[in-house]
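Observations on the model geometry
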Amino acid sequence: MTSTLPIVSFKGVNRRFKTPDGQVTTALSDIDLNIYPGEFVSIIGPSGCGKSTLIRIAGDLLPPSSGEVMVNGKPPHQTRLNREYGMVFQAATLYEWRSVLKNIELPLEIMRWPAEKRESRAREMLELVQLSDFASNYPWQLSGGMQQRVAIARALTFEPSLLFMDEPFGALDEITRERMNIELLNIWQKTKTTVIFITHSIQEAVYLSSRIIVLSPRPGKIVDDIAIDLPYPRAPEVRDSDTFHRLVSKVRTELHA
């Protein structure tokens, strides 16, 4: 941890939904969690346990039913207005009629950056995700992994202190997914952006993370907070180590428990 003050703080957070027939479903229950600057924190749990709900609350896309959430020391709504976080979803959500470069420039257009400054920053981000040769291409001309790299570049254009990633590699094949894991770690180590990462993959969580938060089945509660004692930078070969397999086993045990 690079600071004693959390960048994201959940205190006693609950989230309930009303179903169409009037029943109340509790998605999250009594969430107490601090995430610190520079961390890479993965949240893992069964389907429907509230993983995505948790980051949507932090991103001001959903309100909590009760409890307190602070992001960068402010309520999530103010953090969103200040554009202090980026978000990457499972679908890259690129605009098909805009080139790769223009897709990456989009947040900066909205923020009214001058055209020359926008293009310079977008090209810098293309270099970061190793897609400089594809600036003039369109999304439909890219593979799924390349589209997600464009989405990551777009989310980082305005240098947010925090990046929410909601199963960004869930739709990719295993080989592409492993390559994207390696590239994401390289990007994270260069930018020092705090990452909160949602996944269903235990091995992906262990490979990427400095911490893993394990949620129970619905209603989602934190059942474990596991420190990942694997040094960075992490080569792909770390997946063959005894420590890696021990950590995978520990996370799996907590999930099944």
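Residues numbered from 1 in each chain as written. Predicted model: local features only at pLDDT ≥ 70, side-chain atom pairs only at ≥ 80, totals over all residues. Heavy atoms only, no water.

1. Things to note about the side chain of R154
Let me state the cut-off plainly: Numbering goes from the N terminus for both helices and strands, where a helix is a DSSP run of H or I of at least four residues and a strand is a run of E of at least two. When a residue's accessible area, from a 1.4 Å probe over protein chains only, is under 20% of the maximum for its type it is buried; when over 50% it is exposed; and in between it is partly exposed. Counting rule applied: Lys, Arg positive; Asp, Glu negative; His and chain ends not counted. Salt bridge, as used here, is a side-chain nitrogen of Lys or Arg placed within 4 Å of a carboxyl oxygen of Asp or Glu. Residue contacts are defined here by distance: any two heavy atoms, one from each residue, within 4.5 Å place the two residues in contact.
By the element assignment, R154 lies in helix α5 (residues 144-156). One buried charged residue, R154, forms no salt bridge at all, with the nearest opposite charge on E96 at 9.8 Å. In contact with R154, not counting residues within four places along its chain, are A92, T93, L94, N103, I104 and P107.

2. Digging into the environment of I226
Inspection of the secondary structure puts I226 in strand β9 (residues 222-227). Given a relative accessible area of 3%, I226 falls into the buried group. Along the backbone, I226 and F169 are 57 residues apart, and their C-alpha atoms lie at a distance of 22 Å. Dropping the residues within four chain positions of it, I226 is found in contact with S210, R211, I212, V214, L247, K250, V251 and E254.

3. Let's talk about helix α1 (residues 51-58)
Among the eight residues that make up α1, six are buried, leaving the element largely enclosed by the rest of the structure. Among the residues making up α1, those that are buried are K51, T53, L54, I55, I57 and A58. A positive phi of about 65 degrees marks D60, the residue just after α1.

4. A few points about the nonpolar core
A general feature of soluble globular proteins is that nonpolar side chains tend to end up buried together. Convention followed: Among the buried residues, those of types Ala, Val, Leu, Ile, Met, Phe, Trp, Tyr and Cys that are joined through side-chain atoms within 4.5 Å form a nonpolar core.
Grouped together as the largest cluster of nonpolar side chains are 49 residues, with contacts concentrated most on I152 and V206. With seven residues, the single largest contributor to this core is α5. V206 has contacts with I212, I228, L230, R234, F244, L247, V248 and V251, leaving out every residue within four places of it along the chain. By size, the runner-up hydrophobic cluster in this structure holds 25 residues, among which are V13, C49, L162 and F164.

5. Comments concerning α5
We apply this condition: The span one expects for a helix is its residue count, reduced by one, times 1.5 Å.
For α5, built from 13 residues, the straight-helix expectation of 18 Å at 1.5 Å per residue is met to within 8% by its first-to-last C-alpha distance of 19 Å. Across the 13 residues that make up α5, a large majority, 11, are buried. If you check which residues of α5 are buried, you get G145, M146, Q148, R149, V150, A151, I152, A153, R154, A155 and L156.

6. Digging into the packing of aromatic side chains
Threshold: The pairing test for Phe, Tyr and Trp rings, Trp by its six-membered ring, is centres within 6.5 Å, and the orientation test on the planes gives stacked under 30 degrees, edge-to-face over 60, and tilted for anything in between. For a ring to carry a charge above it, either NZ of a lysine or CZ of an arginine must fall within 6 Å of the ring centroid while also lying within 35 degrees of the normal to the ring plane.
The final tally for this structure, using the stated rule, is six aromatic pairs. Ring centres of F40 and F197 lie 5.7 Å apart, and the angle between their planes is 45 degrees; on these two criteria the pair is classed as tilted. Separated by 157 residues along the polypeptide, F40 in strand β3 (residues 40-44) and F197 in strand β7 (residues 194-199) bring together distant segments of the chain. Aromatic side chains Y95 and W97 sit 5.0 Å apart centroid to centroid with 50 degrees between the ring planes, which places their arrangement in the tilted category. Connected via pairs of aromatic rings, a cluster forms that spans F40, F169, W188, F197 and Y232. The ring of W113 is capped by K117, whose NZ or CZ atom sits 4.4 Å from the centre of that ring. Its guanidinium or amino end placed over the ring of Y232, R234 lies 3.8 Å from that ring's centre, counting from NZ or CZ.

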